[in-house]
Amino acid sequence: MKTLVIAEKPSVAQDIVRALTPVAGKFDKHDDYFESDSYVVTSAVGHLVEIQAPEQYDVKRGKWSFANLPVIPPHFDLKPVDKTKSRLSAVVKQAKRKDVTALVNACDAGREGELIFRLIEQYAGGAKPLGKPVKRLWLQSMTPQAIRDGFDNLRSEQQMQGLADAARSRSEADWLVGINGTRAMTAFNSRDGGFFLTTVGRVQTPTLAVVVEREEQIRKFVSRDYWEVHASFLAEAGEYGGKWFDPAWKQDAEDKEKKADRVWDARRAIEIADAVRGKAATVTEESTPKTEASPGLFDLTSLQREANGRFGFSAKTTLALAQSLYEKHKALTYPRTDSRHLPEDYVPVVKQTFEMLADKGFQHLQPHALVALNNNYIRKIPRVFDNSKVSDHFAIIPTLQAPSGLSEAEFKLYDLVVKRFMSVFFPSAQFTVTTRISQVQGHHFKSVGKVLVNPGWQAIWGKEAEKEGDENAKMLVAVKPGEMVRTESAEAKGLKTRPPARYSEATLLGAMEGAGKLVDDDELREAMQEKGLGTPATRAAIIEGLLNEKYMLREGRELIPTAKAFQLMTLLRGLEVEELSKPELTGEWEYKLSQMEHGQLSRGQFMAEIAAMTERIVKKAKEYDRDTVPGDYATLTSPCPKCGGVVKENYRRFACCGADGASEGCGFSFTKSPGGRTFEIAEADQFLRDRKIGPLEGFRSKAGWPFVAELALVYGEDEAQWKLEFDFGDDGKDEDTGEIVDFSAQQSLGHCPKCGSPVFEHGSNYVCSKAVPTHQHPTPSCDFKSGQIILQQPIEREQFSKLLATGKTDLLDKFVSNRTRRSFKAMLAWNPEEGKVGFEFEQREGKYPARKAAAKKTPFGKAATKTAKAPAAKKAPAAKKAAAEKAPRKAAVGTLKPSAALAAVIGDGTYARTEVVKKIWDYIKANNLQDAANKRAINADGKLREVFGKDQITMFELAGIVGKHLS
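Quick caveat, the model's predicted, so the values are computed rather than measured. (Residues numbered from 1 in each chain as written. Predicted model: local features only at pLDDT ≥ 70, side-chain atom pairs only at ≥ 80, totals over all residues. Heavy atoms only, no water.)

Turning next to the overall build of the protein chain. Assigned secondary structure in the protein chain consists of 26 helices and 34 strands. Long-range contacts, defined here as pairs at least 24 residues apart, represent 66% of the contacts in the protein chain between residues at least 6 apart. In the form shown here, the protein chain has an accessible surface area of approximately 49700 Å², with 49% of it arising from carbon and sulfur atoms. (Helix = DSSP H or I, 4+ residues; strand = E, 2+ residues; numbered from the N terminus. Contact = heavy atoms within 4.5 Å. Areas by Shrake-Rupley, 256 points an atom, 1.4 Å probe, with all protein chains shown as cover.)

Here is the structure:
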């Protein structure tokens, strides 16, 4: 009989095998597990299973409405994580073995590790429990002896029940709040039509609220003028600078901008400068020795913050690099950690790591590693080695494996971790800080200098240790005791107060980590002290999620909230469900989950409270019956196009409010969120001024598909009103009018590949100047034309000019297939054989080399690349005969029979599904059934009405409807 040990990661499984081999005998290695006479050791790769609502309770996206909310299933089903299905199958296979009679949970020591194992165990059992006893391995150190000690002291399943309940409850509560909150807010925002996806979550939304609150502070900030008086003093040893300050100044609690060295009146600042200029000054000074210890070891969040500040790496990039250094190069320890300490038994391993760095490390670090070893720096330092501060994992440090073949970015990150690791064992840096006060005519000027006495740990960093803009880092020339100095110059400098800085990823990660400080309640703040918003492993994904959902934009290193973010915060305040945007929610959960872990709160009680909260959120959104949501709304600078009145923002629309800005106006308005994408104020102003804007990204169809489009403000004669319309850049739309086109004000993009004439922008296309009527050529003689938006990918002028000049664009990555709705990457290339622009796909290095096509000269004088279709080379007679014999077999692949209604359109017989869709499209085009106003809509004639069941459908519905008529 054998015991199955399930670790969280393959590397931990290997560590366990190495530790057990001396006591359990030799292990044989298999593809997904190790096996000895008494143990089978395997591992997950993080979460292999996730929770989902049972099918009968799940609400599909197309039915997201209040009628189907809230979704509170009585239990949760499990589903495999798509990326790791094969690993799950391998682990379950071992768990179900008849000779495996017991299991050991060796996942990471914490709530998430407990959940990973429990879900795998439940999934392996299926409809009934697996029924095999479980013990818990609880490790806080990965040394072989610590692992063996852990197996000697396995915890019982009963001991872990509180942690298991807390883990499941947190997972299910996040699902309930996230799913119901997102669907309720989406349903509320989609009431006027369309699909306006509005995601919320326990961690995501408070994080966004932090960024929005900072942006509100910036927008409301009123800059004020102030002055500083700077002087230069001449001593026997040379010159030094000083800044005026008021020694009697006291801090103003109501005005944080007031400081000892600021003067708020220009005249007074000039008077001070004039009073001291050219006068003698007395000098007093005080020198104080100071020490500065190295910052602590890295956890993931501090590493992400440092890498963002030093190299501009995003949190996501840093995590990916650290994961690569951990998994691929085996050069760093596990990166998804929230600990900045090491286990107390790790001193020997640290010493071995220094020996590796001294022997095989990078050349610039080897001397420092030798200094540490020769001077016995590696010892049990309490601020580094502390078991009480090691949770699931310890700090990120280099392993005993010296890496090779690192990319430039990997090298930067590894070097950063190694330097920080070495620094914590070196002595503190020692300085002498001198504060000098120069008094002249009753005015005081302060000068501060910092002299490095012993670099200590800063020797490892060299110039990197110097803090940018550190005024204290200046060297001060010496002044003899009793020496009088002369005020050589004095100047009043006019400055302005600055608003608080926008968040970067580094500062936002810090805000997430320290979110507990924002909580007033002592117990909740204590509960959040170690947690913050999210975990080190999830914070990067939270930030990326906010960027992907267009709640924030990344400009340089700044994170800027969008109009969609402000609209969400306005909605949560208006609906009185602000708890979704407050870190207190996490604090309250952490407090109660901690109680559950210690048996002071039942899982049932906690989940009942979560269900009640979920029902309240949905009820608030569902029953909100006012015309608008109260908020801080903007007034546009562009006037109403109908009456010239003032246009103001409300929750859902921009609407005319009359000439006085306070009446009902003329009735003109347009939605703030067409296609689920919210206008920025500047965009709305531009749209109103220019009557068009775009192409813009981020729109969504009613089914939730993303798309790109231009918007136009069009006057409808029938309604006598201006209205917003989408312009998808469809070929021929409002462009082939026969009117003379004037290109004289435009600059050509290049030469037409068909006739060599200049190519210009025209409407939503790029066209040859001879493809439309002009004064020079009233009768078109060329047909070259290409859309400015192709499959939702905007084609910029620069890219189309490049196509005309070289034959193809750069690789573009936002095409979306009409058939599969999936995005893809391609280059646009001119195909001379077909006489049109087509796709060229990136050559990837694969198992088989790409076929070489014969090069042909293009009008650009370069070899043409193969695009959508290229004529096949002539086949030998035998090949022709073989192909002819095979053709009938290929045609007989279709086995689906159409219904009578469908057969009336495409004919009776058997077909492949793709063949049916093609035949219907041929029928639609032949009978001109695409709607003239909306090319994405199909009008039904008598035959198609029997198939569609209604007068009109969208192209997205076609495949689904056709499927119902095939058997």
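Let's pick the thread back up.
Position of Arg87 among the secondary structure elements: in helix H2 (residues 85-95). With no salt bridge to any partner, buried Arg87 finds its closest opposite charge in Asp32, at an N-O distance of 4.2 Å. Separated by 3.4 Å, the side chain of Arg87 and the backbone oxygen of Ser43 make a polar contact. Apart from the residues within four sequence positions on either side, Arg87 is in contact with Pro10, Asp32, Thr42, Ser43, Ala44, Val45 and Leu48. (Buried < 20%, exposed > 50% of the residue type's maximum accessible area, 1.4 Å probe, protein only. Lys, Arg positive; Asp, Glu negative; His and termini not counted. Salt bridge = Lys/Arg side-chain N within 4 Å of Asp/Glu carboxyl O. Polar contact = N/O pair within 3.5 Å; in protein donor to acceptor, adjacent residues only side chain to side chain.)

All right, on to the environment of Ile396 then. As for its position among the elements, Ile396 is in the loop between helix H11 (366-374) and helix H12 (408-423). Between the C-alpha atoms of Ile396 and Phe298, which are 98 residues apart in sequence, the distance is 5.5 Å. In this structure Ile396 touches Phe298, Asp299, Leu300, Leu303, Leu332, Thr333, Tyr334, Pro335, Thr337 and Val417, once residues within four positions along its chain are discounted.

The next thing to look at is the pairing of strand E6 (residues 77-80). The two faces of E6 differ: Leu78 and Pro80 on one face are buried, but Asp77 and Lys79 on the other face are not. Bridge count between strand E5 (residues 49-52) and E6: four bridges; the pairing is antiparallel. In the strand pairing of E6, Val49 is matched with Pro80. (Pairing = 2+ DSSP bridges.)

Following Leu69, the chain continues into Pro70 via a peptide bond in cis, with omega recorded as -5 degrees. Mapped onto the elements of the fold, Pro70 is located in the loop between E5 and E6. Notably, Lys550 is not glycine yet its phi reads approximately 60 degrees, a positive angle. Given the relative accessible area of 40%, Lys550 is considered partly exposed. With a phi angle near 60 degrees, Glu576 is a residue other than glycine that sits in the positive phi range. In this fold, Glu576 is placed in the loop between helix H17 (563-574) and helix H18 (584-597). Classification of Glu576 as partly exposed rests on a relative accessible area of 48%.

Turning our attention to the confidence of the model for the protein chain. Do not read the fine detail of predicted coordinates wherever pLDDT is low. Taken residue by residue, the protein chain gives an average pLDDT of 86. The fraction at 70 or more is 90%. Across residues 730-736 the pLDDT falls below 50, and counting only partners more than four positions away or on other chains, this stretch makes 16 contacts in the model. (pLDDT = per-residue confidence, 0-100.)

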